[in-house]
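As a plain string of letters, each chain reads:
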Amino acid sequence: MDDQSIELAHEERSPYDVLAAAIRRRRAILFVGAGVSMAVGLPSWQCLIDHLLDDLGLERGAIEGMHGGYQMLAEYYRLKRGGIGPLRSWMDRNWRVDPEKIGASKLHKLIVELDFPSIYTTNYDRNLETAFDVLDKRYAKISNAKEIASAPAGVTHIIKFHGDFDDDASLVLTETDFLNRLAFNSPLDVRFRADALGSTLLFIGYSMSDPNIRLLLHRIWQTWEDSGHRHDRPESFAFVAQRNPVQEAVLANWGITTVGPPDDARADDGLIQFLLNIRQCLEPPT
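Conventions and cut-offs
Residues numbered from 1 in each chain as written. Predicted model: local features only at pLDDT ≥ 70, side-chain atom pairs only at ≥ 80, totals over all residues. Heavy atoms only, no water. Salt bridge = Lys/Arg side-chain N within 4 Å of Asp/Glu carboxyl O. Helix = DSSP H or I, 4+ residues; strand = E, 2+ residues; numbered from the N terminus. Buried < 20%, exposed > 50% of the residue type's maximum accessible area, 1.4 Å probe, protein only. Pairing = 2+ DSSP bridges. Axes fitted to C-alpha atoms, helices over the stretch in contact; angles between N-to-C directions. Contact = heavy atoms within 4.5 Å. Right-handed = clockwise from strand over helix to strand, strands pointing away.

*Asks:* Can you lay out the pattern of salt bridges for me, pointing to particular residues and giving the numbers?
*Replies:* If you walk through the whole model with that rule in mind, you get 19 salt bridges. The partner of D166 in a salt bridge is R126, with the nearest N and O atoms 2.5 Å apart. Placement of D166 in the loop between β4 (156–160) and α11 (175–180) and of R126 in the loop between β2 (118–121) and α9 (127–134) is noted, with a sequence separation of 40 residues between them. Residue class for D166 comes out exposed when judged on its relative accessible area of 52%. What emerges from the salt-bridge pattern is a single network uniting D92, R96, R126, E129, K141, K160, D164 and D166.

*Asks:* I'd like a description of the sheet that holds β4, backed by residues and values.
*Replies:* Taken in spatial order, the 7 strands make up an open sheet running β3-β4-β2-β1-β5-β6-β7, and their pairing is parallel. Where the open sheet ends on each side, the last strands, each with one partner, are β3 (139–142) and β7 (256–259). With direction set aside, neighbouring strand axes in the sheet form an average angle of 20°. Of the strand pairs in this sheet, β3 and β4 are connected by 4 bridges, and their pairing is parallel. Its bridge partner being in β4, A140 is matched across the sheet by H157. Packed onto the sheet, helix α15 (residues 270–282) meets β5 (200–204), β6 (236–239) and β7 and runs at close to 155° relative to β5.

*Asks:* Break down the pairing of β6 for me, with residues and values.
*Replies:* Neither face of β6 is open: one carries S236 and A238, the other F237 and F239, and all of them are buried. Two elements, β5 and β6, share 2 bridges in a ladder whose sense is parallel. By the bridge assignment for β6, F203 is matched with A238. Chirality of the crossover, the property in question, places the unit of β5, helix α13 (residues 211–227) and β6 among those that are right-handed. Pairing between β6 and β7: 4 bridges, direction parallel.

*Asks:* How would you summarise unusual backbone geometry if you had to cite specific residues and measurements?
*Replies:* The phi angle at R26 is positive, at roughly 60°, despite the residue not being glycine. Inspection of the secondary structure puts R26 in the loop between α2 (15–24) and β1 (28–32). Take R26: its relative accessible area is 37%, and that puts it in the partly exposed class. Positive phi outside glycine occurs at F184, with the angle close to 60°. Inspection of the secondary structure puts F184 in the loop between α11 and α12 (187–197).

Now the structure itself:
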């Protein structure tokens, strides 16, 4: 099949068809951002910033014009307190969601039911793990090299890309943590690069203006560009609540197709309807 035929074949398939086919072949990766946790009541990043300011005795104007927001504040916290242990403990206590609430979440239920072989998340909370527990679905949590090596095959791997509350050393929270990850060569980065090369990616719960996620998308694109086989890259998608032509053009250049809520979706359940459409494509025809 020539390049033009391949392009036409792709045009005939909706994002739902492409994602469903990748899930069937166990060649799909879900990437979950903070928006998914906020859907079940997790505090916003502003709540973390307010806590840091109060704990450090700083005025609200202390971070005006500061690039990096909570990351630089967390860096200052580590310098002043000698570590992030107390901050991690506060986050762990305040970012817990009642398991019953997660069990009742249509969004989390769909994530579990879609049965992605790997789910990457930059969220520190345990909401994904709780969803799998409540729905009695096996999984392996991965936040460091040891867990990469010991994770069993045949179950969903939940990869805590920015760390986990059970392991302070794994947390990517302060500005230094983020800058250290720019090299994109940690064990989790190596795992992700290998996974991304052979899989269709779906990003949900992210603001595509987030510089951290944009850096990640650019790194994936650069890996394919350097490989000399960019035309063979699997299709990848990012769900966005609102369409933006500038953003769409930039992400498309990086090989990411943005997908908005289905036309028949209500404003508050666009992502749920989007995932329902994927599940419908996975169901055998009647």
